[in-house]
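Examination of the molecular architecture
One-letter residues, chain by chain:
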Amino acid sequence: MRRSLSLLALPLLLAACRPEDVEHLDNTKDLAREAENFQPKLIKPAQLLQGARWAADSLIHTADRGWRAQLNERLAAGGVAAAHPYCQPEKLPAVVKLARELEAQPTRALVTPARFITEDDSVQTTRPSQDQFLVQEPLVLLPTDATCLRCHGQVGPDVQPADAKLLAASYPGKTLTGYQPGQLIGRWTVPMTRKGVAEFYTQKTRKVMKRRRLW
(Lines give C-alpha, C1' and ligand atoms only; values in the text may rest on other atoms or scores of the structure.)
Protein backbone atom coordinates (compact mmCIF):
# COMPACT_ATOMS: atom_id res chain seq x y z
CA MET A 1 0.00 0.00 0.00
CA ARG A 2 2.80 2.37 0.97
CA ARG A 3 4.60 1.59 -2.31
CA SER A 4 1.43 2.44 -4.28
CA LEU A 5 1.07 5.80 -2.56
CA SER A 6 4.68 6.66 -3.41
CA LEU A 7 4.12 5.84 -7.06
CA LEU A 8 1.01 7.99 -7.12
CA ALA A 9 2.86 10.95 -5.57
CA LEU A 10 5.69 10.84 -8.11
CA PRO A 11 3.70 12.29 -11.06
CA LEU A 12 2.43 15.06 -8.80
CA LEU A 13 5.98 16.02 -7.84
CA LEU A 14 7.12 15.97 -11.45
CA ALA A 15 4.19 18.13 -12.46
CA ALA A 16 5.06 20.64 -9.74
CA CYS A 17 8.59 21.06 -11.14
CA ARG A 18 7.70 21.89 -14.73
CA PRO A 19 10.28 24.21 -16.43
CA GLU A 20 7.71 26.94 -17.01
CA ASP A 21 7.02 27.06 -13.26
CA VAL A 22 10.68 27.51 -12.26
CA GLU A 23 11.62 31.14 -11.51
CA HIS A 24 14.81 32.07 -13.41
CA LEU A 25 17.08 34.92 -12.36
CA ASP A 26 17.20 37.62 -15.03
CA ASN A 27 20.41 39.25 -13.81
CA THR A 28 22.81 36.32 -13.89
CA LYS A 29 25.27 38.28 -16.06
CA ASP A 30 25.32 41.12 -13.56
CA LEU A 31 25.86 38.71 -10.68
CA ALA A 32 28.68 36.98 -12.53
CA ARG A 33 30.29 40.33 -13.33
CA GLU A 34 30.04 41.44 -9.71
CA ALA A 35 31.54 38.15 -8.53
CA GLU A 36 34.41 38.60 -10.99
CA ASN A 37 35.10 42.08 -9.61
CA PHE A 38 35.81 40.64 -6.19
CA GLN A 39 38.12 37.89 -7.44
CA PRO A 40 41.81 38.51 -6.60
CA LYS A 41 43.65 39.62 -9.74
CA LEU A 42 47.32 39.68 -10.62
CA ILE A 43 48.25 43.17 -11.78
CA LYS A 44 51.23 43.21 -14.11
CA PRO A 45 54.09 45.74 -13.71
CA ALA A 46 53.10 47.58 -16.90
CA GLN A 47 49.53 47.87 -15.62
CA LEU A 48 50.77 49.28 -12.33
CA LEU A 49 52.75 51.93 -14.19
CA GLN A 50 49.60 52.81 -16.14
CA GLY A 51 47.67 52.91 -12.86
CA ALA A 52 50.23 55.30 -11.38
CA ARG A 53 49.84 57.62 -14.34
CA TRP A 54 46.04 57.48 -14.06
CA ALA A 55 46.18 58.14 -10.33
CA ALA A 56 48.52 61.13 -10.71
CA ASP A 57 46.38 62.57 -13.52
CA SER A 58 43.28 62.26 -11.35
CA LEU A 59 44.99 63.96 -8.43
CA ILE A 60 46.46 66.79 -10.51
CA HIS A 61 43.14 67.35 -12.31
CA THR A 62 41.35 67.56 -8.95
CA ALA A 63 43.96 70.02 -7.69
CA ASP A 64 43.88 72.19 -10.81
CA ARG A 65 40.10 72.40 -10.94
CA GLY A 66 39.70 73.30 -7.27
CA TRP A 67 42.67 75.64 -7.21
CA ARG A 68 41.51 77.69 -10.19
CA ALA A 69 38.02 78.10 -8.77
CA GLN A 70 39.41 79.29 -5.44
CA LEU A 71 42.10 81.52 -6.91
CA ASN A 72 39.76 83.22 -9.38
CA GLU A 73 37.36 83.95 -6.55
CA ARG A 74 40.13 85.54 -4.51
CA LEU A 75 41.45 87.51 -7.47
CA ALA A 76 38.00 88.91 -8.14
CA ALA A 77 37.55 89.84 -4.49
CA GLY A 78 40.91 91.43 -3.70
CA GLY A 79 43.40 91.02 -6.53
CA VAL A 80 46.83 89.42 -6.26
CA ALA A 81 47.24 90.54 -2.65
CA ALA A 82 44.23 88.47 -1.61
CA ALA A 83 44.90 85.54 -3.93
CA HIS A 84 48.60 84.66 -3.68
CA PRO A 85 48.43 83.02 -0.21
CA TYR A 86 45.96 80.50 -1.67
CA CYS A 87 48.17 79.36 -4.54
CA GLN A 88 48.65 75.97 -2.88
CA PRO A 89 46.49 73.41 -4.73
CA GLU A 90 48.17 70.46 -3.00
CA LYS A 91 46.59 71.62 0.29
CA LEU A 92 42.98 71.70 -0.92
CA PRO A 93 40.73 69.36 1.13
CA ALA A 94 39.70 67.31 -1.94
CA VAL A 95 43.35 66.88 -2.94
CA VAL A 96 44.42 65.92 0.58
CA LYS A 97 41.62 63.34 0.73
CA LEU A 98 42.54 61.79 -2.62
CA ALA A 99 46.24 61.83 -1.77
CA ARG A 100 45.47 59.95 1.45
CA GLU A 101 43.58 57.29 -0.51
CA LEU A 102 46.45 56.93 -2.98
CA GLU A 103 49.06 57.05 -0.20
CA ALA A 104 50.62 59.89 -2.20
CA GLN A 105 52.55 63.02 -1.27
CA PRO A 106 52.06 65.49 -4.13
CA THR A 107 54.24 68.60 -4.32
CA ARG A 108 54.75 71.42 -6.81
CA ALA A 109 58.00 73.23 -7.50
CA LEU A 110 58.72 76.39 -9.47
CA VAL A 111 61.16 75.92 -12.37
CA THR A 112 63.78 78.64 -12.72
CA PRO A 113 65.21 80.18 -14.76
CA ALA A 114 62.38 80.49 -17.24
CA ARG A 115 62.81 78.33 -20.33
CA PHE A 116 60.65 76.84 -23.05
CA ILE A 117 59.47 73.26 -22.64
CA THR A 118 61.29 70.43 -24.41
CA GLU A 119 60.67 66.72 -24.97
CA ASP A 120 62.74 65.99 -21.88
CA ASP A 121 60.06 67.75 -19.82
CA SER A 122 57.32 65.30 -20.77
CA VAL A 123 55.42 63.29 -18.16
CA GLN A 124 57.67 60.73 -16.48
CA THR A 125 56.30 57.65 -14.70
CA THR A 126 58.88 55.53 -12.89
CA ARG A 127 59.15 52.91 -10.19
CA PRO A 128 62.10 53.83 -7.94
CA SER A 129 61.54 50.77 -5.75
CA GLN A 130 59.29 47.73 -5.48
CA ASP A 131 56.78 49.57 -3.30
CA GLN A 132 57.12 53.09 -4.68
CA PHE A 133 55.95 54.86 -7.84
CA LEU A 134 56.83 58.37 -8.98
CA VAL A 135 55.04 60.55 -11.53
CA GLN A 136 56.44 63.92 -12.62
CA GLU A 137 54.29 66.18 -14.76
CA PRO A 138 55.26 69.60 -16.18
CA LEU A 139 53.35 72.82 -15.68
CA VAL A 140 53.39 75.02 -18.76
CA LEU A 141 52.25 78.63 -18.89
CA LEU A 142 49.63 78.83 -21.63
CA PRO A 143 48.69 82.02 -23.54
CA THR A 144 45.06 81.59 -22.50
CA ASP A 145 45.91 81.07 -18.82
CA ALA A 146 44.96 84.49 -17.48
CA THR A 147 45.02 83.27 -13.88
CA CYS A 148 48.71 82.27 -13.97
CA LEU A 149 49.76 85.18 -16.19
CA ARG A 150 48.44 87.66 -13.65
CA CYS A 151 51.11 86.59 -11.15
CA HIS A 152 53.80 84.92 -13.26
CA GLY A 153 53.71 86.73 -16.62
CA GLN A 154 55.71 89.71 -17.81
CA VAL A 155 55.77 92.72 -15.49
CA GLY A 156 53.79 95.48 -17.18
CA PRO A 157 51.71 93.66 -19.81
CA ASP A 158 50.58 90.86 -17.49
CA VAL A 159 51.65 91.64 -13.92
CA GLN A 160 51.05 94.99 -12.32
CA PRO A 161 54.33 96.51 -11.00
CA ALA A 162 52.84 96.85 -7.51
CA ASP A 163 51.85 93.19 -7.56
CA ALA A 164 55.35 92.20 -8.71
CA LYS A 165 56.85 94.03 -5.72
CA LEU A 166 54.37 92.35 -3.39
CA LEU A 167 55.26 88.89 -4.70
CA ALA A 168 58.99 89.59 -4.49
CA ALA A 169 58.61 90.68 -0.86
CA SER A 170 56.35 87.74 0.03
CA TYR A 171 58.63 85.11 -1.54
CA PRO A 172 62.21 86.31 -1.11
CA GLY A 173 64.79 84.52 -3.20
CA LYS A 174 62.22 83.28 -5.75
CA THR A 175 61.64 84.70 -9.20
CA LEU A 176 57.90 84.44 -9.71
CA THR A 177 57.43 86.84 -12.63
CA GLY A 178 58.86 87.15 -16.13
CA TYR A 179 57.49 83.93 -17.64
CA GLN A 180 56.21 83.81 -21.22
CA PRO A 181 53.47 81.61 -22.68
CA GLY A 182 54.88 78.24 -23.72
CA GLN A 183 57.53 78.23 -21.02
CA LEU A 184 57.91 75.64 -18.30
CA ILE A 185 56.83 77.29 -15.06
CA GLY A 186 56.75 74.38 -12.64
CA ARG A 187 56.49 70.65 -12.10
CA TRP A 188 54.25 68.31 -10.15
CA THR A 189 55.99 65.49 -8.33
CA VAL A 190 53.69 62.71 -7.11
CA PRO A 191 55.20 59.77 -5.20
CA MET A 192 52.74 56.97 -4.44
CA THR A 193 52.88 53.57 -2.79
CA ARG A 194 52.27 50.32 -4.63
CA LYS A 195 49.23 49.64 -2.44
CA GLY A 196 47.62 52.97 -3.32
CA VAL A 197 48.29 52.53 -7.04
CA ALA A 198 47.00 48.94 -7.07
CA GLU A 199 43.76 49.89 -5.34
CA PHE A 200 43.21 52.80 -7.73
CA TYR A 201 43.88 50.58 -10.77
CA THR A 202 41.50 47.91 -9.46
CA GLN A 203 38.70 50.43 -8.93
CA LYS A 204 39.23 52.04 -12.33
CA THR A 205 39.16 48.74 -14.21
CA ARG A 206 36.18 47.22 -12.39
CA LYS A 207 33.36 46.14 -14.65
CA VAL A 208 30.38 48.33 -13.92
CA MET A 209 26.97 46.69 -13.90
CA LYS A 210 24.39 48.26 -16.19
CA ARG A 211 21.45 49.87 -14.47
CA ARG A 212 18.33 47.73 -14.70
CA ARG A 213 15.06 49.32 -15.70
CA LEU A 214 12.53 49.21 -12.91
CA TRP A 215 9.56 49.49 -15.26
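None of the values given here were measured: they were computed from a predicted structure.

Thresholds, definitions, all that
Residues numbered from 1 in each chain as written. Predicted model: local features only at pLDDT ≥ 70, side-chain atom pairs only at ≥ 80, totals over all residues. Heavy atoms only, no water. Phe/Tyr/Trp six-rings, centres within 6.5 Å; stacked < 30°, edge-to-face > 60°. Helix = DSSP H or I, 4+ residues; strand = E, 2+ residues; numbered from the N terminus. Lys NZ or Arg CZ within 6 Å of the ring centre and 35° of its normal. Axes fitted to C-alpha atoms, helices over the stretch in contact; angles between N-to-C directions. Parallel < 35°, antiparallel > 145°, perpendicular 65-115°, else oblique. Left-handed = near helix turned anticlockwise from the far one by under 90°. Contact = heavy atoms within 4.5 Å. Nonpolar A, V, L, I, M, F, W, Y, C, P; charged D, E, K, R; others polar. Pairing = 2+ DSSP bridges. Disulfide = S-S within 2.5 Å. Buried < 20%, exposed > 50% of the residue type's maximum accessible area, 1.4 Å probe, protein only.

1. With respect to the packing of aromatic side chains
Under the criterion given, the structure shown has 1 aromatic pair. Between Trp54 and Tyr201 the ring centres are 5.7 Å apart and the planes differ by 5°, which places this aromatic pair in the stacked class. Highlighted residues: Trp54 in helix α3 (residues 45-83) and Tyr201 in helix α7 (residues 194-204), separated in sequence by 147 residues. When the ring centre of Tyr86 is taken as origin, the NZ or CZ atom of Arg74, which lies over that ring, is 4.0 Å away. When the ring centre of Trp54 is taken as origin, the NZ or CZ atom of Lys204, which lies over that ring, is 5.1 Å away.

2. Focus on the packing of α3 against helix α4 (residues 93-102)
How two helices pack is summed up by the angle between their axes together with the distance between the axes. Interhelical geometry of α3 versus α4 gives an angle of 165° and a closest axis separation of 9 Å. If you check the angle between α3 and α4, you find them roughly antiparallel. Crossing angle aside, the handedness with which α3 passes α4 is left-handed. Facing Ala55, Ser58, Leu59, Thr62 and Ala63 of α3, the residues of α4 in contact are Ala94, Val95, Leu98, Ala99 and Leu102. Residue composition of the contact of α3 with α4, by class: 8 nonpolar, 2 polar and no charged.

3. Overview of the pairing of strand β3 (residues 132-140)
Two elements, strand β2 (residues 124-129) and β3, share 4 bridges in a ladder whose sense is antiparallel. Bridge pairing in β3 places Gln124 opposite Gln136. Linking β2 to β3, which pair antiparallel, is a turn of 2 residues. With 9 bridges connecting them, β3 and strand β4 (residues 183-193) associate as antiparallel partners. Each bridged residue has a counterpart across the sheet, and for Gln132 the counterpart in β4 is Thr193.

4. Remarks on the sheet that holds β2
Reading across the sheet, the 4 strands line up as β1-β4-β3-β2 and stay open at both edges, with antiparallel pairing between neighbours. The two strands at the open ends of the sheet, each matched to only one other strand, are β1 (107-116) and β2. Going across the sheet, the axis of each strand differs from the next one's by a mean of 25°, ignoring polarity. Strands β2, β3 and β4 of the sheet are contacted by α7, whose axis makes an angle of about 95° with β4.

5. Focus on the state of the cysteines
Under the definition given, this model contains 0 disulfides. Between Cys148, a cysteine without a disulfide, and Cys87, which holds the nearest cysteine sulfur, the sulfur-to-sulfur distance is 6.9 Å. Left unpaired, Cys151 is separated from the closest cysteine sulfur, that of Cys87, by 6.8 Å. In this structure Cys151 comes out as buried when scored by relative accessible area, which is 10%.

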